[in-house]
Amino acid sequence: MKSFDLVAKIYDLINRLRYQRDVLDILRWLTITRGKKFLDIGGGTGAIAHLLFQKTGCRMTVVDSSAGMIAEGKEKGYQAEWLQADPVKTLPIASNSVEGAIMVYTLHHIKKNQQIIALTEIGRVLKKGGMLLIIEMDYHNFLNISLNLVEKLVTLGNVWFISANKLKGSLNKAGLSVDHYEKRQQGYILRTVK
Ligand SMILES: C[S@@+](CC[C@H](N)C(=O)[O-])C[C@H]1O[C@@H](n2cnc3c(N)ncnc32)[C@H](O)[C@@H]1O
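Residues numbered from 1 in each chain as written. Predicted model: local features only at pLDDT ≥ 70, side-chain atom pairs only at ≥ 80, totals over all residues.

(A) How the structure looks around the overall build of the chain. Of regular secondary structure, the chain possesses six helices and seven strands. Along the chain direction, N to C, the helices and strands of the chain fall in the order α-β-α-β-α-β-β-α-β-α-α-β-β. Rg of the C-alpha trace for the chain: 15 Å, near the compact-globule value of 16 Å for 194 residues, within the 12% margin. With respect to the principal axes defined by its C-alpha atoms, the chain has extents near 40 × 40 × 30 Å. Counting over 194 residues, the chain shows a buried share of 41%. Taking the contacts inside the chain whose residues are at least 6 apart along the sequence as the reference set, 67% of them involve residues at least 24 apart. (Helix = DSSP H or I, 4+ residues; strand = E, 2+ residues; numbered from the N terminus. Rg over C-alpha atoms; globule rule 2.2 N^0.38 Å. Buried ≥ 20, exposed ≤ 12 C-beta atoms within 10 Å, placed from the backbone. Contact = placed C-beta atoms within 7 Å.)

Here you go:
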């Protein structure tokens, strides 16, 4: 995503305080172990992937469409594999090949009518029983409306928030069943199983 190229250099600085909390939540809801292959879809600079690798020794692949975000993560020496790709198009990954995936604050950057395409594509590459964990913002509070405006300004782009209920429906259509949902400060966390 081109707009993220513009903010890649300062992205970690702005977001570093929430990374630790996101990682704790991810590890609470996904069993991530050494050597297992996980995708971070829209993984940005790979800061979260790097923390997960440090804590578990898992093999993280950061999938992101922004060359700038990937370049930033590589420059920082984050431990991950890198794939400049977009789940709205075909991911260059074999079907039924990955243990699990995370998608943190990324879905709302994908156009509303393309979100189901992206979720279906992620479902394709997951192994049977593989899990996708989504962390998203909920648009319906004042802080998020403000954050949304800031994000629009900073990334110079549009955002398409989806409520947890609507997302559950889309995930079902994509062949993924929701087995865990939790409201979070400013949003929600959803776990799905293929
Ligand atoms: C708000 S950032 C989140 C980055 C990281 N997950 C985090 O929590 O810090 C959204 C990321 O999604 C990426 N992105 C947006 N749309 C995408 C798409 N269609 N395919 C792949 N990556 C995408 C952007 O380039 C950006 O790095």
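Moving on, there is more to tell.
(B) Summary view of unusual backbone geometry. A positive phi angle, near 55 degrees, is found at N96, a position not held by glycine. Note that N96 resides in the loop between β3 (81-84) and β4 (98-104).

(C) Molecular detail of the sheet that holds strand β5 (residues 126-137). In spatial order, the strands read β3-β2-β1-β4-β5-β7-β6; together these seven strands make up an open sheet with mixed pairing. Of all strands in the sheet, those bounded by a partner on one side alone are β3 and β6 (177-184). Adjacent strand axes in the sheet meet at a mean angle of 15 degrees when their direction is disregarded. Note: β6 against strand β7 (residues 187-193), seven bridges, orientation antiparallel. When the sheet's bridge partners are listed, H180 is paired in β7 with R191. Across the sheet, helix α2 (residues 47-56) lies against β1 (37-41), β2 (59-64) and β4, angled at about 175 degrees from β2, the strand it touches most. (Pairing = 2+ DSSP bridges. Axes fitted to C-alpha atoms, helices over the stretch in contact; angles between N-to-C directions.)

(D) Representation of the packing of helix α4 (residues 112-125) against helix α6 (residues 164-173) in the model. Axis separation between α4 and α6 bottoms out at 9 Å; the angle between their running directions is 50 degrees. Put simply, α4 runs oblique to α6. As for how α4 packs across α6, the hand of that crossing is right-handed. Judged by residue contacts, Q115, I116 and L119 of α4 engage S170, L171 and K173 from α6. Looking at the contact of α4 with α6 residue by residue, the classes come out as three nonpolar, two polar and one charged. (Parallel < 35°, antiparallel > 145°, perpendicular 65-115°, else oblique. Left-handed = near helix turned anticlockwise from the far one by under 90°. Nonpolar A, V, L, I, M, F, W, Y, C, P; charged D, E, K, R; others polar.)

(E) View of the nonpolar core. Core analysis: the biggest nonpolar cluster contains 48 residues, and F38, L52, A101, M103, I122, L132 and L133 have the highest contact counts within it. In terms of residue count, β5 provides more of this core than any other element does, six residues in total. The contacts of F38, once residues within four sequence positions are left out, are I32, C58, R59, M60, V98, E99, G100, A101 and I102. (Core = buried A, V, L, I, M, F, W, Y, C linked by C-beta atoms within 7 Å.)

(F) Local environment of the pairing of β5. Among the twelve residues in β5, nine count as buried, and that is most of the element. Following the chain from β4 across α4 to the adjacent parallel β5, one finds a crossover that is right-handed. Bridge count between β5 and β7: seven bridges; the pairing is antiparallel. Within β7, the residue paired with I135 across the bridge is I189. (Right-handed = clockwise from strand over helix to strand, strands pointing away.)

Structural measurements only, silent on function.
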